[in-house]
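Examining the three-dimensional arrangement
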Amino acid sequence: MKMMSKPAHSATFPVLRVLILVTGLALAACAWYAFAHWLHRDGDVTWFPPTADCDLHTAPCSATLGDKGRITLHVLANGQIDALEILPLEVEVEGMTATQVDVDFVGRDMDMGLHRFALTASSPGLFQGQGQVGICTQSVMPWRARVILDTEEGKVGSWFDFDVIRS
């Protein structure tokens, strides 16, 4: 009776599986990173700085979009924007026609993922919807609300900075 011997490569087989797994995970992480940056792309947006300092927690914030018009962002937060709280959002558009309005909540100091919320036109020049700020990883998390309008002339937008205190 002949004895069968094991192939020589059987001892390295688990190592090969681990290397394949690590390579697959690295490729998935690279794909996620590229996809996240593709979603955040804003190279086609003409940005205009906010008109003045404001406090989104308690009052609407406005920005003049060059000579094209003006936007005002209302975050209806009852005096404080909290992480993971559903926030009613309103954007008023004056002096121009927007076909779509999006609000992004972007971490100013670190990538917090995609928090983009499309608003719906409720009347001419008024867009409404809901948004949510992600979980805070610091005791005070600096955020930026970016308002992006799709217009006939292209995309225009402005931003408003605010901080969220972890509760």
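This write-up is about the structure you can find in this document. (Residues numbered from 1 in each chain as written. Predicted model: local features only at pLDDT ≥ 70, side-chain atom pairs only at ≥ 80, totals over all residues. Heavy atoms only, no water.)

Moving on to the nonpolar core. Ranked by internal contacts, the top residues of the largest apolar core, which has 34 residues, are Phe105 and Leu149. For this core, the secondary-structure elements that each account for two or more residues are β2 (61-64), β3 (70-75), β4 (86-94), β5 (98-107), β6 (116-123), β8 (140-151) and β9 (154-165). For this core, the element with the most residues is β8, which contributes five residues. When neighbours within four sequence positions are excluded, Phe105 is seen to be in contact with Leu87, Leu89, His115, Phe117, Gly131, Gln132, Val133, Trp143, Arg144, Ala145 and Phe162. (Core = buried A, V, L, I, M, F, W, Y, C linked by side-chain atoms within 4.5 Å. Buried < 20%, exposed > 50% of the residue type's maximum accessible area, 1.4 Å probe, protein only. Helix = DSSP H or I, 4+ residues; strand = E, 2+ residues; numbered from the N terminus. Contact = heavy atoms within 4.5 Å.)

Before going further, it helps to examine the sheet that holds β9. Here nine strands make up an open sheet; going across it, the order is β1-β9-β8-β5-β6-β7-β4-β3-β2 and the pairing mixed. The open sheet terminates on both sides in strands that have one partner only, identified here as β1 (45-47) and β2. Put simply, the sheet's adjacent strands are angled 25° from each other on average, direction ignored. Relative to β9, β8 runs antiparallel, the two being bridged by 12 bridges. The partner of Arg144 across the bridge, within β9, is Asp161. (Pairing = 2+ DSSP bridges. Axes fitted to C-alpha atoms, helices over the stretch in contact; angles between N-to-C directions.)

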